[in-house]
Amino acid sequence: MKNSEIKALSESEIVERIASEQEKLTKLRFAHAISPIENPNRISETRKLIARLKTFLTAKQLAK
C-alpha cells in the first residue's frame, strides 16, 4: 500500500486496516513457526505497513 493510498483513507478506515494487518501478521508468524513460509520478508513488510498506518493515523488525529 502506497503512502498516497493511505492519505486518502479516513481515520476509521485506517483503524480497520491496522486491525486486519495485525491479524494477518499474527497468522504469518504462526505459519512461519509451524513450517517456514515461502517468503519470510512478508512478515517485515507487514510490520512496516502497520507502522506506516499508525503514523498516518496519529498525524490525522493531531491535525484535528
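See the structure printed just above.
Residues numbered from 1 in each chain as written. Predicted model: local features only at pLDDT ≥ 70, side-chain atom pairs only at ≥ 80, totals over all residues. Heavy atoms only, no water.

(A) Broad picture of the overall build of the protein. A count of helical and extended segments in the protein gives three helices and zero strands. When its helices and strands are written in sequence order, the protein yields α-α-α. C-alpha extents for the protein along the principal axes are approximately 45 × 15 × 15 Å. In the protein, which comprises 64 residues, the proportion classed as buried is 23%. Taking the contacts inside the protein whose residues are at least 6 apart along the sequence as the reference set, 68% of them involve residues at least 24 apart. Approximately 4700 Å² of the protein is accessible, and the part contributed by carbon and sulfur atoms is 54%. For the protein, the distance from the average site of its 13 positive side-chain charges to the average site of its 8 negative ones is 5 Å. (Helix = DSSP H or I, 4+ residues; strand = E, 2+ residues; numbered from the N terminus. Buried < 20%, exposed > 50% of the residue type's maximum accessible area, 1.4 Å probe, protein only. Contact = heavy atoms within 4.5 Å. Areas by Shrake-Rupley, 256 points an atom, 1.4 Å probe, with all protein chains shown as cover. Lys, Arg positive; Asp, Glu negative; His and termini not counted. Charge placed at Lys NZ, Arg CZ, Asp CG, Glu CD.)

(B) Geometry of the packing of helix H2 (residues 11-34) against helix H3 (residues 41-63). It is the contact of H2 with H3, at a shortest axis distance of 9 Å, that shows an interaxial angle of 160°. Considering their axes alone, H2 and H3 lie roughly antiparallel with respect to each other. Here H2 runs over H3; the crossing is left-handed. Contact residues: Glu 11, Ile 14, Val 15, Arg 17, Ile 18, Glu 21, Gln 22, Lys 24, Leu 25, Leu 28, Arg 29 and His 32 in H2; Arg 42, Ile 43, Thr 46, Arg 47, Leu 49, Ile 50, Leu 53, Lys 54, Phe 56, Leu 57, Lys 60 and Gln 61 in H3. The residue inventory of the contact of H2 with H3, partitioned by class, reads 11 nonpolar, four polar and nine charged. (Axes fitted to C-alpha atoms, helices over the stretch in contact; angles between N-to-C directions. Parallel < 35°, antiparallel > 145°, perpendicular 65-115°, else oblique. Left-handed = near helix turned anticlockwise from the far one by under 90°. Nonpolar A, V, L, I, M, F, W, Y, C, P; charged D, E, K, R; others polar.)

(C) How the structure looks around the nonpolar core. Counting eight residues, the largest nonpolar core consists of Ile 6, Leu 9, Ile 14, Ile 18, Leu 49, Leu 53, Phe 56 and Leu 57. Elements supplying a minimum of two residues to this core: H2 and H3. The element contributing the most residues to this core is H3, with four residues. Sequence-distant contacts of Ile 6, defined by excluding residues within four places in its chain, comprise Met 1, Ile 14, Leu 49, Arg 52, Leu 53, Phe 56 and Lys 60. Leu 25, Leu 28, Ile 43 and Ile 50 belong to the second largest nonpolar core, which has five residues in total. (Core = buried A, V, L, I, M, F, W, Y, C linked by side-chain atoms within 4.5 Å.)

(D) Region of interest: the environment of Arg 52. For Arg 52, the location among the structural elements is in helix H3. For Arg 52 and Asn 3, which are 49 residues apart along the polypeptide, the C-alpha to C-alpha distance reads 8.2 Å. Here Arg 52 is in contact with Met 1, Asn 3 and Ile 6, once residues within four sequence places are set aside.

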